[in-house]
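Chain and residue survey
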Amino acid sequence: QVQLVESGGQLAQPGGSLRLSCVGSGRTFSSYSMGWFRQAPGKDREFVATISRSGSTYYANSVKGRFTISRDNAKNTVYLQMTSLKSEDTAVYYCAAPQSPLTFYTSRATDVGFWGQGTQVTVSS
């Protein structure tokens, strides 16, 4: 069984930075792309960023240039470095892994086979 455990969410000030981590277990982490999604109160879950097996990255327009996704396969961990935080970044952030190793980017919820439990990010002064 695949397990994903996020950490790093907390209260941050506008313009500040946070780094989220997601540790995976239960299969060969390096064989799969990984993604981050988020869900704000009253809104649908939305795609944030994804990284392929080879390290290629893709971002939602709303975070491009501010967020950076990376992975450390030796540690079975994917990171989301968030900078220049805005109040609209407030959400629960979820780590996501696809069901299939053929999924190049985990950017659609329909491709997600496994979700983490989520970590709360609140951006407020």
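Residues numbered from 1 in each chain as written. Predicted model: local features only at pLDDT ≥ 70, side-chain atom pairs only at ≥ 80, totals over all residues. Heavy atoms only, no water.

**A word on the overall build of the protein**
Secondary structure assignment for the protein yields zero helices and 11 strands. Put simply, the protein runs from its N terminus to its C terminus through helices and strands in the order β-β-β-β-β-β-β-β-β-β-β. Taking 14 Å as the expected radius of gyration for a compact globule of 125 residues, we find that the protein reaches 13 Å, a close match to that expectation. With the principal axes as the frame, the protein shows a C-alpha extent of 40 × 30 × 25 Å. Expressed as a percentage of the 125 residues in the protein, the buried residues total 45%. A sequence separation of at least 24 residues applies to 59% of the contacts in the protein between residues at least 6 apart. (Helix = DSSP H or I, 4+ residues; strand = E, 2+ residues; numbered from the N terminus. Rg over C-alpha atoms; globule rule 2.2 N^0.38 Å. Buried < 20%, exposed > 50% of the residue type's maximum accessible area, 1.4 Å probe, protein only. Contact = heavy atoms within 4.5 Å.)

**Here's the deal with the pattern of salt bridges**
Enumeration according to the criterion identifies four salt bridges in this entry. The residue Glu46 makes a salt bridge to Arg38 at a minimum N-O spacing of 2.6 Å. Overall, Glu46 belongs to the partly exposed group, its relative accessible area being 35%. Judged by relative accessible area, which is 5%, Arg38 ranks as buried. (Salt bridge = Lys/Arg side-chain N within 4 Å of Asp/Glu carboxyl O.)

**Section: empty space enclosed by the protein**
Throughout the structure, instances matching the rule amount to one cavity of 30 Å³ or more. Within this model, the largest cavity holds a volume of roughly 60 Å³. When its residues are assigned to classes, the lining of the largest cavity shows six nonpolar, two polar and one charged. (1 Å grid on protein atoms, 1.4 Å probe; cavity = no way out; pocket = protein on both sides within 12 Å on 5 of 7 lines; lining within 4 Å. Points joined across faces, edges and corners; volume = space filled by probe spheres on them. Nonpolar A, V, L, I, M, F, W, Y, C, P; charged D, E, K, R; others polar.)

**As for unusual backbone geometry**
Look at Asn76: it is not a glycine, yet its phi comes out positive at around 55 degrees. Notably, Ser84 is not glycine yet its phi reads approximately 50 degrees, a positive angle. Relative to the elements of secondary structure, Ser84 occurs in the loop between strand E8 (77-82) and strand E9 (91-98). By relative accessible area, Ser84 is classed as partly exposed at 39%.

**Re the sheet that holds strand E3 (residues 18-25)**
Pairing in this open sheet of four strands is antiparallel, and the strands run E1-E3-E8-E7 from one edge to the other. If you trace the sheet from one side to the other, it starts and ends with strand E1 (3-7) and strand E7 (67-72), each paired once. Going across the sheet, the axis of each strand differs from the next one's by a mean of 15 degrees, ignoring polarity. (Pairing = 2+ DSSP bridges. Axes fitted to C-alpha atoms, helices over the stretch in contact; angles between N-to-C directions.)

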